[in-house]
Amino acid sequence: MAVWDDLVGQTRVEEHLAAAARDADALVTAHAAGEPAPEASKMTHAWLFTGPPGSGRATAARAFAAALQCVSPDRALGGAPGCGFCDGCHTTLVGTHADVEIVRTDLLSIGVKETRDLVRRAQLSPAGGRWQVIVLEDADRLTEGAGNVLLKAVEEPAPRTVWLLCAPSLEDVLPTIRSRCRHLTLRTPPVEAVADVLVRRDGIDPETAQAAARATQGHIDRARRLATDERARARRSVVLKLPLRVDDVGGCLKAAQELVDAAAEDAKQVAEEIDVKETEELKAALGAAQGGRMPRGTAGAMKELEERQKRRRTRTQRDSLDLALTDLTGFYRDVLALQLRSRSALANTDVRDALERIARDTTPERTLRRIEAVLACREALDRNVAPLLAVEAMTMALRG
């Protein structure tokens, strides 16, 4: 299985990356033989992958990183880099390759300190003799200071270092950084392609796979979670009932509270799974005796961990709320499609009765205002508005 097989519905991007990987391999081969580098090359030192959520930005970056590190003997016989089986491909894809640093964050932002560590890493020569690759999956979460630190490294890269940045859109990255990157745009994968992947790779039955792919409108990770996680299906069912519960002020406030509480519960579950383990591992690393007191001078490290865990809980809660708001947007999009007699396929066919009821009782103009209210709530959460206040304002705007 080639590394590109995980890219779903991205034929143009796959072709571009495969060509760049071939040229990168030619550069390494020429360098090893002491020969001059080829004059024409599609390879460059910095790449920016953009596309909507679920399009596979990080998947494309990791696949490209694997192709750059491919050591398959078939290359000498004309085979393309990115076989998916050799040690270079395998260790890159599982995240253990010595020359590939994959950076993802579960916090709200990436700060200057973390970015400086990456820049220092980028100056090292590759241990395996090929490329030093830095994959930054959340480039949109760089603070302004961190972005300026990264800019210097992108402007003056080490000879064998490649930066692979991922962000939802060009506007999410500093103009000075994006102007120095080669830009690739990924599209939302077709529903049929996502369903096929779920059946072929995850063993999900075709009917469930099709329903999950349609409900998430081509978002691969969400479709997989919806098809395999009963809790995810239950949460989605609750969200899709919200439009029928906002007939009065009391219903609006109660629905908002339940939505925020559900997101907080998600954050709590993540914390229970990760925080205790992290805390115990840090205590052991700092030399704390089993069940005993912490050594002197370790309070700062423990406080830093607690702050990180607190920021992660905030991020998890916001991500859970954002997922619910995305489902809500899809609901009203289906309502609008019914009102306008559009031929577009409905995403939420499992609640068609509710869709038809609201479509019949309201106007397209009102539906558009409701979609705008959901989008305004998402923007408010991005600006750090208190979640309950933002969701209450939204549910009041959704009232019939």
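One can find the structure itself at the top, above this paragraph.
Here's a quick rundown of the structure. Keep in mind it's a predicted model, so treat the numbers as computed, not measured.

1. Some points on the overall build of the protein
Looking only at helices and strands, the protein features 15 helices and five strands. Radius of gyration (C-alpha) of the protein: 24 Å, near the 21 Å computed for a compact globule of 400 residues. Each principal axis of the C-alpha distribution contributes one length, and for the protein these read about 75 × 60 × 40 Å. In the protein, buried positions account for 45% of the 400 residues. Put simply, the protein shows about 20500 Å² of open surface, and 51% of that area lies on carbon and sulfur atoms. For the protein, the distance from the average site of its 57 positive side-chain charges to the average site of its 59 negative ones is 2 Å.

2. Some thoughts on the pairing of strand S1 (residues 46-50)
With five of its five residues buried, S1 lies for the most part within the structure. The alternating pattern of S1 places Ala46, Leu48 and Thr50 and Trp47 and Phe49 on opposite faces, both of which are buried. Note: S1 against strand S4 (residues 161-167), five bridges, orientation parallel. Its bridge partner lying in S4, threonine 50 is registered against alanine 167. Examined bridge by bridge, S1 and strand S5 (residues 182-185) share four bridges and lie parallel to one another. By the bridge assignment for S5, threonine 50 is matched with threonine 185.

3. Points about a nonpolar patch on the surface
Residues Val249, Leu253 and Met396 make up a contiguous nonpolar surface patch of roughly 210 Å² in combined accessible area. Within the secondary structure, valine 249 is located in helix H11 (residues 249-285).

4. Here's the deal with the packing of aromatic side chains
A full pass over the atoms with the stated rule returns two aromatic pairs. Judged by centre distance (5.0 Å) and plane angle (70 degrees), the ring pair of tryptophan 47 and phenylalanine 64 falls under edge-to-face. Of the two residues, tryptophan 47 sits in strand S1 while phenylalanine 64 sits in helix H2 (residues 57-68), which places them 17 residues apart along the sequence. For the pair formed by tryptophan 47 and phenylalanine 64, the shared burial category is buried.

5. Some points on the nonpolar core
Counting 35 residues, the largest nonpolar core has Leu259, Leu328, Phe331, Val391, Met394 and Leu398 as its most contacted members. Of all the secondary structure elements, the ones that give two or more residues to this core are helix H10 (230-241), H11, helix H12 (299-339), helix H13 (352-361), helix H14 (364-382) and helix H15 (387-398). Discounting chain neighbours no more than four positions away, the residues touching leucine 328 are Val239, Leu242, Pro243, Val374, Met394 and Leu398. Counting 34 residues, the second-largest nonpolar core is a separate cluster that includes Ala21, Trp47, Ala61 and Val100.

6. Notes on helix H4 (residues 112-122)
The set of residues buried in H4 consists of Thr115, Leu118, Val119, Arg121 and Ala122. Down the axis of H4, the buried side of the element spans an arc of 160 degrees, and every buried residue falls inside it. Exposed side of H4, more than 90 degrees from the buried face: Lys113 and Arg120 are the residues found there.

7. Quick word on the packing of helix H7 (residues 191-202) against helix H8 (residues 206-215)
Close contact between H7 and H8 brings their axes to 8 Å; oriented N to C, the two are set at 140 degrees. Here H8 runs oblique to H7, going by the angle between their axes. Seen from above, H7 lies across H8 with right-handed handedness. Contacts between H7 and H8 involve Val191, Val194, Ala195, Leu198 and Val199 on the former and, on the latter, Pro206, Ala209, Gln210, Ala212, Ala213 and Arg214. Here the contact of H7 with H8 is built from residues that sort into nine nonpolar, one polar and one charged.

8. Quick look at the packing of H14 against H15
Their axes nearest at 9 Å, the elements H14 and H15 cross at an angle of 175 degrees. Taken together, the axis directions place H14 and H15 in an arrangement best described as roughly antiparallel. Residues Arg366, Arg370, Ala373, Val374, Cys377, Ala380 and Leu381 of H14 pack against Pro387, Ala390, Val391, Met394, Ala397 and Leu398 of H15. For the contact of H14 with H15, the residue count by class is 11 nonpolar, no polar and two charged.

9. Quick notes on the state of the cysteines
Within this structure, the stated rule accounts for zero disulfides. No disulfide involves cysteine 83; its sulfur sits 3.7 Å from the nearest other cysteine sulfur, which is in cysteine 86. We note that cysteine 181 lacks a disulfide partner, and the nearest cysteine sulfur, in cysteine 166, lies 11 Å from it.

10. A word on the pattern of salt bridges
With the rule as written, the count across this model stands at 19 salt bridges. Residue arginine 245 is joined to glutamate 258 by a salt bridge in which the shortest nitrogen-to-oxygen separation is 2.8 Å. On the criterion of sequence distance, the pair formed by arginine 245 in the loop between H10 and H11 and glutamate 258 in helix H11 is long-range, its members being 13 residues apart. By relative accessible area, glutamate 258 is classed as partly exposed at 33%. Its salt-bridge partner being aspartate 334, residue arginine 333 comes within 2.8 Å of it at the nearest N-O pair. A relative accessible area of 0% places aspartate 334 in the buried class. A single network of salt bridges, built from pairs that share partners, joins Arg62, Arg104 and Glu137.

What counts, and at which threshold
- Residues numbered from 1 in each chain as written.
- Predicted model: local features only at pLDDT ≥ 70, side-chain atom pairs only at ≥ 80, totals over all residues.
- Heavy atoms only, no water.
- Helix = DSSP H or I, 4+ residues; strand = E, 2+ residues; numbered from the N terminus.
- Rg over C-alpha atoms; globule rule 2.2 N^0.38 Å.
- Buried < 20%, exposed > 50% of the residue type's maximum accessible area, 1.4 Å probe, protein only.
- Areas by Shrake-Rupley, 256 points an atom, 1.4 Å probe, with all protein chains shown as cover.
- Lys, Arg positive; Asp, Glu negative; His and termini not counted.
- Charge placed at Lys NZ, Arg CZ, Asp CG, Glu CD.
- Pairing = 2+ DSSP bridges.
- Patch = residues over 30% accessible without salt bridge, like charges linked within 9 Å, V, L, I, M, F, W, Y side chains within 5 Å.
- Salt bridge = Lys/Arg side-chain N within 4 Å of Asp/Glu carboxyl O.
- Phe/Tyr/Trp six-rings, centres within 6.5 Å; stacked < 30°, edge-to-face > 60°.
- Core = buried A, V, L, I, M, F, W, Y, C linked by side-chain atoms within 4.5 Å.
- Contact = heavy atoms within 4.5 Å.
- Arc of directions from axis to C-beta.
- Axes fitted to C-alpha atoms, helices over the stretch in contact; angles between N-to-C directions.
- Parallel < 35°, antiparallel > 145°, perpendicular 65-115°, else oblique.
- Left-handed = near helix turned anticlockwise from the far one by under 90°.
- Nonpolar A, V, L, I, M, F, W, Y, C, P; charged D, E, K, R; others polar.
- Disulfide = S-S within 2.5 Å.

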